[in-house]
Amino acid sequence: MTPVTRVRGTTAAGAGKTAPPARGGSGTRPGGAPRRTSGARRAPYLFLLPAAALFLLFFALPVGYALDLSLRRVEVKGLGLGKGAREEVWAGLSNYTDALTDPELAAGALRVLGYGLIVVPVMLGLALLFALMLDADRVRGRSFTRLAIFLPYAVPGVIAALLWGFLYLPDVSPLHFALGELGLPEPDLLDGGALYVALANIAVWGGTGFNMIVIYTALRAIPAEVYEAARLDGCSQLQIALRIKIPMVAPSLVLTFFFSVIATLQVFSEPTTLKPLTNSVPTTWSPLMKVYEDAFVRGDIHSAAATAVVVAAVTLVLSFGFLRIANSRTRQGETR
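Residues numbered from 1 in each chain as written. Predicted model: local features only at pLDDT ≥ 70, side-chain atom pairs only at ≥ 80, totals over all residues. Heavy atoms only, no water.

K.L.:
Got a sec to walk through the overall build of the protein chain? Specific residues and values, please.
P.N.:
On a plain count of helices and strands, the protein chain comes out with 13 helices and four strands. Split into buried and exposed, the 336 residues of the protein chain put 29% on the buried side. (Helix = DSSP H or I, 4+ residues; strand = E, 2+ residues; numbered from the N terminus. Buried < 20%, exposed > 50% of the residue type's maximum accessible area, 1.4 Å probe, protein only.)

See below:
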């Protein structure tokens, strides 16, 4: 008999034939890549479940409930006494019509517009200035200064408004006492056009630190090689700030501008807190104060819900418009 020679698991008789490829296991694909099990496919959704549940419970459902309330109204029969005298009926868009034609809401919107024209430029300008100063090479006490500028942001808005309100009040303000002793005029910051400056000062004092931290963080992320190249080209510190730092932190400036506009449209705590100190602040000074007045003073929750939806829609439209403009300008700058 001729001996049989085995070559790599095959016989000489079977030489020239290739063995069929082994089948992959249950956890691999034919190409050798691991096969994703059903549990692995469900894992991302399980991680997203808590966030989705919080979004549904604390955002989607309240918004839906507010929309439902805004489409209804209470119909009073007779004197409104007794069982069945008050009935909730379908109102359609009548609450929205009343809100959009309400002169008090329009006046509040104009006040907030004037307030925002002071707050947003001053606050972002100071935040950018402080961030550039802290990012300078030879600044001393950077950590303490950064904390001191940011600290007012940690003070609750109501406490900040009370603090500044008593500083504005002529009878108890040490500032008015010092001005009187020096024979200087004592301005009344809680009356007339000065009220806008007083309210804006509270917002600027509390919000500059947060915006400064956002811009300063973006400045610290710029590579040091960029500054070294600019110095080799003969650029001064001012030129570096104007031509390198500010353009490179433009996305952070857009972000802070976006947040500042939203906060301005939602101003509530400052005028509400100062209202007991002066007669110059009406109960409907801002749109959100109008919502509070309708819901909890007049007891008209349906009209308040419609006004709140209008304010939210205006905020959404303005925010979306600002973002579109900023993104379009960013793309134009990248294509140049």
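K.L.:
Hey, could you go over the packing of helix H4 (residues 142–150) against helix H7 (residues 194–220) for me, with residue numbers and the actual values?
P.N.:
Taken N-terminus to C-terminus, the directions of H4 and H7 make an angle of 135°; their axes are 7 Å apart at the nearest point. Comparing the axis directions of H4 and H7 gives the class oblique. Of H7, the residues touching H4 (which contributes Arg142, Arg146, Ile149 and Phe150) are Gly209, Phe210, Met212, Ile213 and Tyr216. Tallied by class, residues from the contact of H4 with H7 come to six nonpolar, one polar and two charged. (Axes fitted to C-alpha atoms, helices over the stretch in contact; angles between N-to-C directions. Parallel < 35°, antiparallel > 145°, perpendicular 65-115°, else oblique. Contact = heavy atoms within 4.5 Å. Nonpolar A, V, L, I, M, F, W, Y, C, P; charged D, E, K, R; others polar.)

K.L.:
Describe the environment of Ala107, listing the residues and the values that go with them.
P.N.:
With respect to the helices and strands, Ala107 occurs in helix H3 (residues 103–134). Residues Ala107 and Trp285, 178 residues apart in the sequence, show an inter-C-alpha distance of 7.8 Å.

K.L.:
Talk me through the packing of H7 against helix H10 (residues 250–265); I want residue IDs and the actual numbers.
P.N.:
Think of two packed helices as two axes; the pair is described by the angle between the axes and how far apart they sit. The N-to-C vectors of H7 and H10 enclose an angle of 165°; their axes lie 9 Å apart at closest approach. Here H7 lies roughly antiparallel to H10, going by the angle between them. As H7 runs across H10, the sense of the crossing is right-handed. Residues Phe210, Asn211, Val214, Ile215 and Ala218 of H7 form the contact with H10, whose participating residues are Ser252, Leu253, Leu255, Thr256, Phe259 and Ser260. (Left-handed = near helix turned anticlockwise from the far one by under 90°.)

K.L.:
Break down a nonpolar patch on the surface for me, with residues and values.
P.N.:
Taken together, Leu54, Leu56, Leu57, Phe58 and Leu61 make up a surface patch of nonpolar side chains, about 540 Å² in accessible area. With respect to the secondary-structure elements, Leu56 resides in helix H1 (residues 38–70). (Patch = residues over 30% accessible without salt bridge, like charges linked within 9 Å, V, L, I, M, F, W, Y side chains within 5 Å. Areas by Shrake-Rupley, 256 points an atom, 1.4 Å probe, with all protein chains shown as cover. Salt bridge = Lys/Arg side-chain N within 4 Å of Asp/Glu carboxyl O.)

K.L.:
Which residues make up the environment of Pro247, and what values do they have?
P.N.:
Its location among the elements puts Pro247 in helix H9 (residues 237–248). Contacts of Pro247, omitting those with residues within four sequence positions, involve Ala241 and Leu242.

K.L.:
Outline H10, listing residues and values.
P.N.:
Counted at 1.5 Å a residue, the expected span for H10 with its 16 residues is 22 Å, and the 23 Å between its end C-alpha atoms agrees. The complete set of buried residues in H10 reads Ser252, Thr256, Phe258, Ser260, Val261, Thr264 and Leu265. (Expected span 1.5 Å × (residues − 1).)

K.L.:
Give me the environment of Leu93: which residues, what numbers.
P.N.:
In this fold, Leu93 is placed in the loop between strand S4 (86–90) and helix H2 (94–100). Separated by 213 residues in sequence, Leu93 and Ala306 place their C-alpha atoms 8.9 Å apart.

K.L.:
Can you explain the packing of aromatic side chains? Please cite residues and give values.
P.N.:
Taken as a whole and judged by the stated rule, the model has 12 aromatic pairs. Taking 5.6 Å as the distance between ring centres and 45° as the angle between the ring planes, the aromatic pair formed by Phe150 and Tyr153 counts as tilted. Residue Phe150 is classed as partly exposed on the basis of its relative accessible area, which comes to 28%. Residue classification places Tyr153 among the partly exposed residues on the basis of a relative accessible area of 40%. Ring pairing ties together the aromatic residues Phe150, Tyr153, Phe210, Phe258 and Phe259, which thus form one cluster. Looking at Lys245, its charged tip hangs above the ring of Tyr227, at a distance of 5.3 Å from the centre. (Phe/Tyr/Trp six-rings, centres within 6.5 Å; stacked < 30°, edge-to-face > 60°. Lys NZ or Arg CZ within 6 Å of the ring centre and 35° of its normal.)

K.L.:
Talk me through the pattern of salt bridges; I want residue IDs and the actual numbers.
P.N.:
A side chain with one charge may pair with a side chain of the opposite charge, provided their charged atoms come close. A complete count under the given rule lists seven salt bridges for this structure. Linking Asp68 and Arg72 is a salt bridge whose minimum nitrogen-to-oxygen distance equals 3.3 Å. Assessed through its relative accessible area of 31%, Asp68 is described here as partly exposed. Residue classification places Arg72 among the partly exposed residues on the basis of a relative accessible area of 24%. The residue Asp294 makes a salt bridge to Arg298 at a minimum N-O spacing of 2.5 Å. Residue class for Asp294 comes out buried when judged on its relative accessible area of 1%.

K.L.:
Can you break down the nonpolar core residue by residue, with the values?
P.N.:
Grouped together as the largest cluster of nonpolar side chains are 24 residues, with contacts concentrated most on Tyr115, Ile202 and Trp285. Where this core is concerned, the elements lending two or more residues are H3, helix H5 (157–168), H7 and H10. Here this core gets seven residues from one element, more than from any other, and that element is H7. Counting 18 residues, the second largest nonpolar core, distinct from the first, contains Leu128, Leu134, Ile215 and Ile240. (Core = buried A, V, L, I, M, F, W, Y, C linked by side-chain atoms within 4.5 Å.)

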